[in-house]
Amino acid sequence: MELPRRIYEEMLNHARACAPEESCGLVGGRAGRAERFFPTPNGAEDPLRRYDIPPVDLLRVTREIERGGMELTAIFHSHPATEAYPSATDIRLAYYPEAFYLILSLADPERPVLRAFRIADGRVDEQPIAIC
Amino acid sequence: MAVNVYIPTPFRRHTGGQSRVQVEAVTVGELLRSLAREYPDLAGRILDGQGGVQNYLNVFVNEEEIRSLAGLDTPLKAGDEVSLIPAMAGGGRRTERRAGRPPWLNIM
Ligand SMILES: [Zn+2]
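The structure reproduced in this document is the subject of the present report. Computed from a predicted structure; not experimentally measured. (Residues numbered from 1 in each chain as written. Chains lettered and ligands numbered in written order. Predicted model: local features only at pLDDT ≥ 70, side-chain atom pairs only at ≥ 80, totals over all residues. Heavy atoms only, no water.)

## A word on the sheet that holds strand S4 (residues 64-65) of chain B
What counts is decided by this rule: The pairing criterion for strands is at least two bridges between them, as found by DSSP. For helices the rule is a DSSP run of H or I covering at least 4 residues; for strands it is a run of E covering at least 2, with both sets numbered from the N terminus onward. Contacts are residue-level and defined by heavy atoms, with any inter-residue pair within 4.5 Å sufficient. Here an axis means a line fitted to C-alpha atoms, over the contact stretch when the element is a helix, while the angle between two N-to-C directions is reported on a 0 to 180 degree scale.
The 5 strands lie next to each other as S2-S1-S5-S3-S4 (chain B), forming an open sheet whose pairing is mixed. In this open sheet, the two strands that pair with only one neighbour each are strand S2 (20-24) and S4 of chain B. With respect to the sheet, helix H2 (residues 55-67) of chain A is in contact with strand S1 (2-6), S2, strand S3 (57-61), S4 and strand S5 (81-86) of chain B, its orientation differing from that of S5(B) by roughly 105°. Running at roughly 115° to S2(B), helix H1 (residues 28-38) of chain B makes contact with S1, S2, S3 and S5 of chain B of the sheet.

Here it is in structure tokens:
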């Protein structure tokens, strides 16, 4: 997927502001190119280990993406202390096979790592990210 | 009475690509069952084996999720918009074992 540097930086700022909790958000775009990042609160009961975008934010952002003529390009969350790879729960709860799942690891605070995946039927396929 | 239904991207391959469909229904339960009949591949994604809403699925009537309304009995009126939005959630890190000796070594 294509990711403008500005959006990458917005994700990084959001993840750092929420650490040590996991952060999350949605990305609207067109044809695999991210156009806008929508950071959301994390409604999980255990936000140190889980993310769960609150229903009210899902509805609000879904409408904003549609109103802007965009598609849901990616679902973002951060791993404050572990690698940028989907956990077993991330895979089990992935209901959007056509979206990219973006995971940002802050395990090494000096060297954040962002990776993109497609997750479908329990299979994980890493996808290239072009930051431009 | 026709109600507008927003179909999320992962369901659209089962609705012929449509992002909105019109359904005649007076309650949310009736609407979901009618959708499941019209688009059989959606049935298991919307309803669980007991006829309830799948756990992971959020069903909104206008701005409100039906779990904060009357669930499947939530009434509908003409012009309402129902939005189906699967959860976006996950989680991770296994609970870490406490460092130190296992308890059975502490007897002495
Ligand atoms: Zn995760």
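## Re the coordination of the zinc ion
Ideal coordination angles are 109.5 degrees for a metal with four donors arranged tetrahedrally and 90 or 180 degrees for a metal with six donors arranged octahedrally. Residue and element names in this part refer to chain A. Keep this limit in mind: Atoms of type N, O and S within 2.8 Å of a metal are treated as its donors, and for Na, K and Ca the window is 3.2 Å; water is not considered, so some sites may appear to be missing partners. The geometry test gives tetrahedral to four donors whose angles all lie between 85 and 135 degrees, gives square planar to four donors and octahedral to six donors whose opposite members are over 155 degrees apart with all other angles between 65 and 115, and gives irregular to the rest. Buried residues are those whose accessible area, probed at 1.4 Å on protein chains only, stays under 20% of the maximum for their type, while exposed residues exceed 50% and partly exposed ones sit between those limits.
At the metal site, the zinc ion is ligated by His77 (NE2), His79 (NE2), Asp90 (OD) and Asp90 (OD), and these contacts range over 2.0 to 2.7 Å. In this structure, the zinc ion is surrounded by 4 donor atoms whose angles at the metal cover 53 to 160°, and the resulting shape is irregular. For the zinc ion, the donor residues sit on a single chain with the sequence spacing H-x1-H-x10-D. In this pair, histidine 79 sits in strand S5 (residues 71-79) while aspartate 90 sits in helix H3 (residues 88-92), placing the two residues 11 residues apart along the sequence. Across this residue pair, the class does not change: histidine 79 and aspartate 90 are buried.

## What about H1(B)?
One turn of the α-helix equals 3.6 residues, which is why residues spaced by three or four share an orientation. All of the buried residues along H1(B) are Val28(B), Gly29(B), Leu31(B), Leu32(B), Ser34(B), Leu35(B) and Ala36(B). Residues of H1(B) that are buried in the fold lie against S1, S2, helix H2 (40-46), S3 and S5 of chain B.

## Looking at the packing of aromatic side chains
Filter applied, for reference: Pairing of aromatic rings covers Phe, Tyr and Trp, the last through its six-membered ring, and needs centres within 6.5 Å; plane angles under 30 degrees mean stacked, over 60 mean edge-to-face, and all others mean tilted.
One pass over the structure, following the stated rule, counts 3 aromatic pairs over all chains. Taking the centre distance of 5.3 Å and the plane angle of 80° together, the rings of Tyr85(A) and Phe117(A) count as edge-to-face. One end of the pair, Tyr85(A), is in the loop between S5 and H3; the other, Phe117(A), is in strand S7 (residues 113-120), and 32 residues separate them in sequence. Given the relative accessible area of 34%, Tyr85(A) is considered partly exposed. Ring geometry for Tyr95(A) against Tyr56(B): centres 4.0 Å apart, planes inclined by 20°, an arrangement best described as stacked.

## Some points on the interface of chain A and chain B
The line we're drawing: By buried area we mean how much accessible surface two parts lose on assembly, using a 1.4 Å probe and totalling the loss over both. Take a side-chain nitrogen of Lys or Arg and a carboxyl oxygen of Asp or Glu: if they are within 4 Å of each other, that pair is a salt bridge. For this analysis, a polar contact is any N or O atom pair within 3.5 Å, provided that within protein one partner can donate a hydrogen and the other can accept it, and provided that sequence-adjacent residues contribute only side-chain to side-chain pairs. Residue type decides the class: Asp, Glu, Lys and Arg count as charged, Ala, Val, Leu, Ile, Met, Phe, Trp, Tyr, Cys and Pro as nonpolar, and the leftover types, Gly among them, as polar.
The partner chain B presents 24 residues to the 26 residues of chain A that form the contact. With both chains or domains summed, chain A and chain B bury close to 2400 Å², and 57% of this area falls on carbon and sulfur atoms. In terms of surface lost to chain B, no three residues of chain A exceed Arg49(A), Tyr95(A) and Tyr96(A), which account for 26% of the buried area on that side. Of the charged contacts, one joins Glu63(B) and Arg63(A) as a salt bridge, the two residues approaching to 2.9 Å between their closest N and O atoms. If you look at where chain A meets chain B, you find 10 residue pairs in polar contact (both at pLDDT 80 or more). Elements supplying a minimum of two residues to the side of chain A that touches chain B: strand S4 (50-52), H2, S5 and H3 of chain A. Ranked by residue count, the leading element in the side of chain A that touches chain B is H2(A), at 6 residues. Here the side of chain A that touches chain B is built from residues that sort into 14 nonpolar, 4 polar and 8 charged. In the sheet, S4(A) pairs with strand S6 (residues 89-91) of chain B via 3 bridges, with the strands oriented antiparallel. What sits directly across from Arg50(A), in S6(B), is Gly91(B).

## A short note on the side chain of Ser23(A)
Residue and element names in this part refer to chain A. In this fold, serine 23 is placed in the loop between helix H1 (5-18) and strand S2 (24-30). Here serine 78 takes part through its side chain, which lies 2.7 Å from a polar atom of the side chain of serine 23. Apart from residues lying up to four places away in sequence, serine 23 is in contact with His14, Ala15, Cys18, Phe76, His77 and Ser78.

## Remarks on the nonpolar core
Residue and element names in this part refer to chain B. Counted only if it meets this: Here, nonpolar core refers to any group of buried Ala, Val, Leu, Ile, Met, Phe, Trp, Tyr and Cys residues whose side-chain atoms link them within 4.5 Å.
Within the largest apolar cluster, 25 residues are counted, with the highest numbers of intra-cluster contacts made by Val5, Leu31, Leu32, Leu35, Val59, Val82 and Leu84. Elements with a contribution of two residues or more to this core: S1, S2, H1, H2, S3 and S5. With 5 residues, the single largest contributor to this core is H1. If near-sequence neighbours (up to four positions away) are discounted, valine 59 is found in contact with Val28, Leu32, Val53, Glu64, Glu65, Ile66, Val82, Ser83 and Leu84.

Distances and angles like these do not, on their own, reveal function.
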